[in-house]
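# Coordinate analysis (summary)
Chain residues, written in single-letter form:
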Amino acid sequence: MKWALFVFAFVAPLLVSGIFLVVKLLKNKEGEFSFSNPIVKDEVWNYGLSVLLSIAAGIVGVFSSNVSALNIFVGYVFVSLIAREITPLVKLNYKKLDRKAITPIIRALIALLGFVFEITLFQTWPVFLLSGMRLGAFALLAYLVGNVTKSFHENKDLSIVRIAFVFFFIIFLFYVSANPHAYYDAYPFKDDLKYLHDNPYLYYNQFDAFMHGQLHLLEEPDLRLSSLENPYDPFQRLDIPYLWDTVYFDGHYYSYYGVAPIFFVMFPFFILSGFTLVPNGLFTLVLATILYAYGIFRLSIVLKERYAANVPSWFLYAFSFFVFVSTLGFNFISFRWTDWKYRVPFAYAVVGLTFFLAFFFEGLKRSGIKQHVYWVLSSIFYVLIMGSRPELGIMAIVIIPFIVKYLLEGRTEIVKGEKKNLFPLISFAVSLVVGGIALAGYNYLRFGSFVEFGSNYQLTINDPRTNALNSESYFNAFYHYFWQQPVFSSGLQEAGFAGFFIRDKFPTLTTERVILAHETHVYIQDSVGVLANPIVYLALLLPVGLIANKKVEDWTYLIVPPFLLLILSWLMYCLGGVCMRYILYFWPLAGIWVLSIFYSSYSTLGKEKGTKVPLMIVSLVLTFLGAYLAYNLCKNPFDGWQLA
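We now turn to the structure provided with this report. Small disclaimer: the values here were computed from a predicted structure and weren't measured. (Residues numbered from 1 in each chain as written. Predicted model: local features only at pLDDT ≥ 70, side-chain atom pairs only at ≥ 80, totals over all residues. Heavy atoms only, no water.)

## What to know about the overall build of the chain
- Counting secondary structure elements, the chain contains 21 helices and 8 strands.
- Every one of the 644 residues in the chain was classed for burial, and the buried ones make up 55%.
- Put simply, 75% of the contacts in the chain that link residues at least 6 apart link residues at least 24 apart.
- Accessible area of the chain: about 28900 Å², with a carbon and sulfur share of 68%. (Helix = DSSP H or I, 4+ residues; strand = E, 2+ residues; numbered from the N terminus. Buried < 20%, exposed > 50% of the residue type's maximum accessible area, 1.4 Å probe, protein only. Contact = heavy atoms within 4.5 Å. Areas by Shrake-Rupley, 256 points an atom, 1.4 Å probe, with all protein chains shown as cover.)

This is how it looks when you write it as structure tokens:
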């Protein structure tokens with residue numbers, strides 16, 4: 001592929017510069033394609049420098065191991081983005097440099113550092129040559145530095161949060177690069193990463209199936225399964241080998257677990273790594289943890305602006321962090337190696353929910369192109385929810401009153417005979433429809449039904465088709481997912497109160513398996529209910545929040561979530577049973593609800609010192625206690641931190 005080193009040195013930069021040129025000309029209504037136009041001049045400079053840097057990388061590549069053309073192309077795309085950070089130096093007046101010159105100079109230094117770092121340190125590693133992942137990290141860092149000054153004055157809190165999370169994300173990327181065997185595997189996969197009895201690599205299996213152009217897994221089921229009267233009855237298949245917790249339908253194996261993380265995480269990583277590497281469970285779950293943390297902070301900032309602009313910034317950061325931890329944020333990565341197929345869909349459904357709400361509310365206060373962007377992003381993350389854990393999509397109910405009000409009140413300005421505010425909703429709806437059609441089509445092609453995700457055909461502990469919704473399960477669902485309490489660990493029972501301060505006695509709080517006399521589901525494991533989390537008791541502020549915000553849409557947003565949680569707990573109990581990892585969306589949903597209640601009530605209680613300071617102290621204490629409990633649950637015996 002040596003020819004690609006120089007062919008793509010011209011093609012990739014041309015594509016990138018062309019896209020930016022078209023977008024800028026469309027944005028600037030008076031812009032026209034002329035070499036006297038400053039916009040065109042800038043893109044010519046960008047293209048020229050991109051080509052020069054790409055050729056330099058190509059020369060280095062000639063003396064290194066051969067790599068794929070796709071790897072080279074992806075690398076050059078990011079070389080072009082890095083070049084864009086360097087070209088502004090041409091415009092600087094070096095005789096009269098001022099503070100404004102600091103930003104483009106730092107951006108250029110970061111970009112050059114990334115380029116030199118890439119072609120010198122890694123040029124002998126064929127799997128990393130022109131790595132889009134690493135070059136993308138440097139391009140992102142340079143972009144971040146360039147936008148800090150501008151956005152800092154518009155929204156200081158958001159700027160600080162962006163800086164912090166991009167910083168940690170970039171550190172994560174470089175740490176991943178330095179520890180390759182811990183975070184990803186080379187594709188094609190080795191035999192020991194494919195099919196085992198408990199099928200721990202089910203996401204790898206499905207990825208591999210897509211790469212082979214098929215929806216069902218490559219592994220062929222034992223033919224004796226097709227001869228059984230009911231292959232889903234575990235007692236009938238006792239003597240037949242099969243893949244545990246895998247879907248069996250029409251003579252093929254399929255995956256029941258949400259497919260969205262494959263397209264949102266695994267394929268992008270695969271492409272950026274030069275079509276050679278696939279992230280494993282540790283990578284996908286650490287990334288989900290980072291994204292969930294950012295989503296909580298982002299949603300917290302949006303709710304602060306909507307309900308309580310007078311919240312101090314220091315409290316916003318502390319409160320948001322404790323909410324993140326106390327709603328099991330770190331527990332996404334507390335997994336046994338064979339369990340990442342279970343946790344990934346839960347984690348990304350929760351990530352999708354936080355961004356879905358944050359971007360929707362962000363778009364609600366915007367106008368023009370920014371509103372389109374935020375609402376399209378919101379709809380994309382809703383597709384992530386539906387493609388991970390579809391039952392969580394019920395949470396979209398809370399935004400319906402906002403959309404209805406937005407349509408009814410709207411702006412009065414008329415554009416082409418239609419209300420201007422209709423257009424952002426069209427882009428929002430189109431994104432949802434496209435995502436919905438893709439998921440429905442995926443289901444239909446596999447199981448002949450638009451709404452069948454495969455749960456009825458799992459080879460698991462019982463015949464899943466015998467699971468049904470029934471009124472007898474209301475109490476059981478409420479007990480396990482709302483009321484069940486943690487217990488003191490055996491170590492603490494031996495040491496007494498002093499055990500709280502002895503490291504060897506940790507965890508001090510743990511889980512237990514409770515079997516009620518009238519259980520209706522066969523699968524009952526450890527659990528800790530939402531009401532055991534101290535953070536939930538901030539919900540007692542709900543009446544204050546309702547009085548302070550009397551709009552119908554705000555009332556819906558504040559009142560409806562607990563009822564949706566009750567419905568979800570009933571669905572989970574009836575169709576899935578009880579398990580520690582099942583609480584991975586109950587606790588985050590409760591945390592998002594409490595977050596909203598706090599800010600809605602702070603708008604009233606935060607006006608006076610007599611209520612403001614006690615409110616902040618109580619809130620931090622409760623969220624800290626919730627964080628302590630959540631950290632203990634990372635060590636629970638059934639589903640805790642085990643990398644074996």
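Still to come is the rest of the account.
## Overview of unusual backbone geometry
- For the bond running from Tyr187 to Pro188, omega is 5°, close enough to zero to count as cis.
- Checked against the element boundaries, Pro188 lands in the loop between β1 (184-186) and α8 (202-211).
- For Asp245, which is not glycine, the phi dihedral falls at a positive 55°.
- Relative to the elements of secondary structure, Asp245 occurs in the loop between α8 and β2 (247-249).
- On the basis of relative accessible area, Asp245 is assigned to the buried category, the value being 7%.
- In this structure, Leu328 is a non-glycine residue whose phi angle is positive, near 70°.
- By the secondary structure assignment, Leu328 is in the loop between α11 (313-326) and α12 (340-364).
- When its relative accessible area of 1% is taken as the criterion, Leu328 is described as buried.

## Structural notes on the side chain of Thr284
- With respect to the helices and strands, the residue Thr284 is situated in helix α10 (residues 281-307).
- The contact partners of Thr284, leaving out residues within four places of it in the chain, are Val265, Met266, Pro279, Trp340, Val344 and Tyr348.

## What about the nonpolar core?
- Membership of the largest hydrophobic core comes to 162 residues, with the highest contact counts inside it found for Phe356, Leu357, Tyr557 and Tyr599.
- The residues contacting Tyr599, other than those within four sequence positions of it, are Ser300, Leu303, Lys304, Tyr307, Ala308, Val311, Leu316, Phe319 and Ser320.
- Listed in part, the 23 residues of the second largest apolar core include Ala9, Tyr76, Leu135 and Phe138. (Core = buried A, V, L, I, M, F, W, Y, C linked by side-chain atoms within 4.5 Å.)

## Digging into the packing of aromatic side chains
- This model, assessed by the stated rule, comprises 64 aromatic pairs.
- Geometrically, the ring pair formed by Phe359 and Phe381 is tilted, given 5.8 Å between the ring centres and 35° between the ring planes. On the criterion of sequence distance, the pair formed by Phe359 in helix α12 and Phe381 in helix α13 (residues 369-386) is long-range, its members being 22 residues apart. Taken individually, Phe359 and Phe381 each receive the classification buried, so the pair is uniform in this respect.
- Between the NZ or CZ atom of Arg237 and the centre of the ring of Tyr242, over which it lies, the distance is 4.5 Å. (Phe/Tyr/Trp six-rings, centres within 6.5 Å; stacked < 30°, edge-to-face > 60°. Lys NZ or Arg CZ within 6 Å of the ring centre and 35° of its normal.)

## What to know about the side chain of Thr246
- Summarising the element assignment, Thr246 is placed in the loop between α8 and β2.
- Accessibility expressed as a relative area gives 0% for Thr246, which makes it buried.
- Apart from the residues within four sequence positions on either side, Thr246 is in contact with Asn199, Leu202, Leu217, Tyr253, Tyr254, Tyr457, Gln458 and Leu459.

## Considerations on helix α2 (residues 38-62)
- The terminal C-alpha atoms of α2, which comprises 25 residues, lie 36 Å apart, in line with the 36 Å expected from a rise of 1.5 Å per residue.
- Among the residues of α2, Ile39, Val40, Glu43, Asn46, Ser50, Val51, Leu53, Ser54, Ala57, Gly58 and Gly61 are the ones counted as buried. (Expected span 1.5 Å × (residues − 1).)

## Observations concerning the pattern of salt bridges
- Evaluation of the coordinates by the stated rule reveals 9 salt bridges.
- Between Arg84 and Glu43 there is a salt bridge, and its shortest N-O distance comes to 2.8 Å. Taken together, the positions of Arg84 in helix α3 (residues 69-86) and Glu43 in helix α2 put the pair 41 residues apart, joining distant regions of the chain. Grouping residues by exposure puts Arg84 and Glu43 together as buried.
- For the salt bridge of Glu362 with Arg366, the shortest nitrogen-to-oxygen distance reads 2.9 Å.
- On the basis of relative accessible area, Arg366 is assigned to the partly exposed category, the value being 24%.
- Through salt bridges with shared partners, a single network forms among Glu305, Glu362, Lys365 and Arg366. (Salt bridge = Lys/Arg side-chain N within 4 Å of Asp/Glu carboxyl O.)

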